[in-house]
Amino acid sequence: MAEALPALLYLPALAGPGTQVDLDAAEAHYVARVCRARAGERLEATDGRGARATLRLVTVRGGVRVEVEAVRHEPLARPAWVLCGAPEGERADWLVEKLAELGVTRFQPVDTARGAWRRAADRRERWERLAVAALRQSRRVHRMAILEPTPLDRALAGLPAGCGRWLADADGLPVPGTTAGQGLPGVGLIGPSGGLDGGERDAALEAGFRPIRLADARLRAETAALAWAAWWASGDPSTP
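Given the structure is predicted, the values throughout are model-derived calculations rather than measurements. (Residues numbered from 1 in each chain as written. Predicted model: local features only at pLDDT ≥ 70, side-chain atom pairs only at ≥ 80, totals over all residues. Heavy atoms only, no water.)

(A) Structural view of the overall build of the chain. When you go through the chain residue by residue, the secondary structure sums to six helices and 12 strands. Partitioning the intrachain contacts of the chain with sequence separation of at least 6 by distance along the chain shows that 73% fall at a separation of at least 24. Of the accessible surface of the chain, which amounts to about 12,000 Å², a share of 49% is contributed by carbon and sulfur atoms. (Helix = DSSP H or I, 4+ residues; strand = E, 2+ residues; numbered from the N terminus. Contact = heavy atoms within 4.5 Å. Areas by Shrake-Rupley, 256 points an atom, 1.4 Å probe, with all protein chains shown as cover.)

(B) Just the state of the cysteines, in detail. All chains considered together, the criterion is met by zero disulfides. Cys84 carries a free sulfur, and the closest cysteine sulfur to it, the one in Cys163, is 17 Å from it. Note on Cys84: relative accessible area 0%, which makes it buried. (Disulfide = S-S within 2.5 Å. Buried < 20%, exposed > 50% of the residue type's maximum accessible area, 1.4 Å probe, protein only.)

(C) Local environment of the packing of helix α2 (residues 92-101) against helix α6 (residues 221-233). Axis separation between α2 and α6 bottoms out at 10 Å; the angle between their running directions is 0°. Classified by the interaxial angle, the pair formed by α2 and α6 is roughly parallel. Contacts between α2 and α6 involve Trp94, Leu95, Lys98 and Leu99 on the former and, on the latter, Glu222, Ala225, Leu226 and Ala229. The residue inventory of the contact of α2 with α6, partitioned by class, reads six nonpolar, no polar and two charged. (Axes fitted to C-alpha atoms, helices over the stretch in contact; angles between N-to-C directions. Parallel < 35°, antiparallel > 145°, perpendicular 65-115°, else oblique. Nonpolar A, V, L, I, M, F, W, Y, C, P; charged D, E, K, R; others polar.)

(D) A look at the sheet that holds strand β3 (residues 42-46). Spatially, the five strands line up as an open sheet ordered β1-β3-β4-β5-β2, and their pairing is mixed. Across the chains shown, the open sheet's two edge strands, defined by having one partner strand only, are β1 (9-10) and β2 (20-22). Of the strand pairs in this sheet, strand β4 (residues 51-59) and strand β5 (residues 65-73) are connected by eight bridges, and their pairing is antiparallel. Bridging from a neighbouring strand, Ala51 pairs with His73 of β5. (Pairing = 2+ DSSP bridges.)

(E) The pattern of salt bridges, seen in detail. By the definition in use, this model includes 23 salt bridges. The network of salt bridges with common partners includes Glu44, Arg52, Arg72, Glu74 and Arg139. (Salt bridge = Lys/Arg side-chain N within 4 Å of Asp/Glu carboxyl O.)

(F) Layout of the packing of α2 against helix α3 (residues 120-138). Orientation of α2 relative to α3, taken along the N-to-C sense of each, is 30°, at an axis distance of 8 Å. In the packing of α2 onto α3, the handedness of the crossing is right-handed. Taken together, the residues of α3 that come into contact with α2 (itself represented by Ala92, Asp93, Val96, Glu97, Ala100 and Glu101) are Arg123, Arg126, Trp127, Leu130, Ala131, Ala134, Gln137 and Ser138. Looking at side-chain class alone, the contact of α2 with α3 contains seven nonpolar, two polar and five charged residues. (Left-handed = near helix turned anticlockwise from the far one by under 90°.)

(G) Focus on the nonpolar core. Val82, Leu99, Phe107 and Trp228 are the most contacted members of the largest nonpolar core, which totals 30 residues. Secondary structure elements with two or more residues in this core: β6 (80-84), α2, α3 and α6. No other element matches the eight residues that α6 contributes to this core. Those residues in contact with Trp228 that sit more than four places away from it in its chain are Ala80, Trp81, Val82, Trp166, Gly186, Val187, Gly188, Ile212 and Leu214. In this structure, Leu9, Tyr30, Ala45 and Val66 belong to the second largest nonpolar core, which totals 17 residues. (Core = buried A, V, L, I, M, F, W, Y, C linked by side-chain atoms within 4.5 Å.)

(H) Molecular detail of the side chain of Gln108. Tracing the chain through its elements places Gln108 in strand β7 (residues 106-111). With a relative accessible area of 10%, Gln108 lands in the buried category. Of note is the side chain of Gln108, whose polar atom sits 2.7 Å from the backbone oxygen of Glu148. (Polar contact = N/O pair within 3.5 Å; in protein donor to acceptor, adjacent residues only side chain to side chain.)

(I) Spotlight on the environment of Leu95. Turning to its location among the elements, Leu95 is positioned in helix α2. When the C-alpha atoms of Leu95 and Gly62 are compared, they prove to be 38 Å apart, with 33 residues separating the residues in sequence. Leave out the neighbours within four places in its chain, and Leu95 touches Cys84, Phe107, Trp117, Glu222, Ala225 and Leu226.

(J) Quick peek at the side chain of Arg78. The residue Arg78 is located in the loop between β5 and β6 in this model. Of the polar contacts made by the side chain of Arg78, one reaches the backbone oxygen of Trp232; its length is 3.0 Å.

(K) Looking closely at the packing of aromatic side chains. The final tally for this structure, using the stated rule, is nine aromatic pairs. Aromatic pair Trp117 and Trp127: ring centres 5.8 Å apart, planes at 90°, arrangement edge-to-face. One end of the pair, Trp117, is in the loop between β7 and α3; the other, Trp127, is in helix α3, with 10 residues separating them in the sequence. In this structure, Trp117 and Trp127 share a single accessibility class: buried. Where Trp228 meets Trp231, the ring centres are 6.1 Å apart and the plane angle is 65°; that geometry is what we call edge-to-face. Of the two residues, Trp228 and Trp231 both sit in helix α6, three residues apart, roughly one turn of that helix. (Phe/Tyr/Trp six-rings, centres within 6.5 Å; stacked < 30°, edge-to-face > 60°.)

Everything listed here is a matter of coordinates, which is why it stays silent on function.
Here's what the structure looks like:
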């Protein structure tokens, strides 16, 4: 049988082998109209929580139905969390999309003295769509969680003990090796467009964050967030 699709389908309620599922309108349109798939062809899907399934197309007329043939679960080897201050203007959509493509596990917008995520509530639905689109495009099986904005001090207090912690800082040291405790996330903290104030930076250092320099010049908030995520993603997945 042929493999039908180059992209991954997103099925949050993915069930076990032998189950037949009717795709929703958006996924059905993609399969039947965009990819012009035929009954009998196979494709892949994920629930966004680590499952990767092989599906067989049962029918593409009068709705699209698939049968789950096999499911395997892929562990999350290198979880990455990004705590990020608000970027300037309309750059947040781009930021969310690219962080998701790079495999960031959790995106936590943080409000700081020099920047707040004032439009986050209005953009939340779009950000969720972008995260799903990035999941499909990158063929990852762990969807990025998007949290509600929170004050920086609360975000710092909620971090798990033992996780690797890095603060993007133009005056920091060159980037070290990408290590963290076994099974724990690496956490990148990026200030808003105006930077963290002195008290916030001191709080991050006291919380164990290591200042690192991600480029040889000062970066915008969204660029620094992506630079950190790319650095973390480039590490060896077998390294704890």
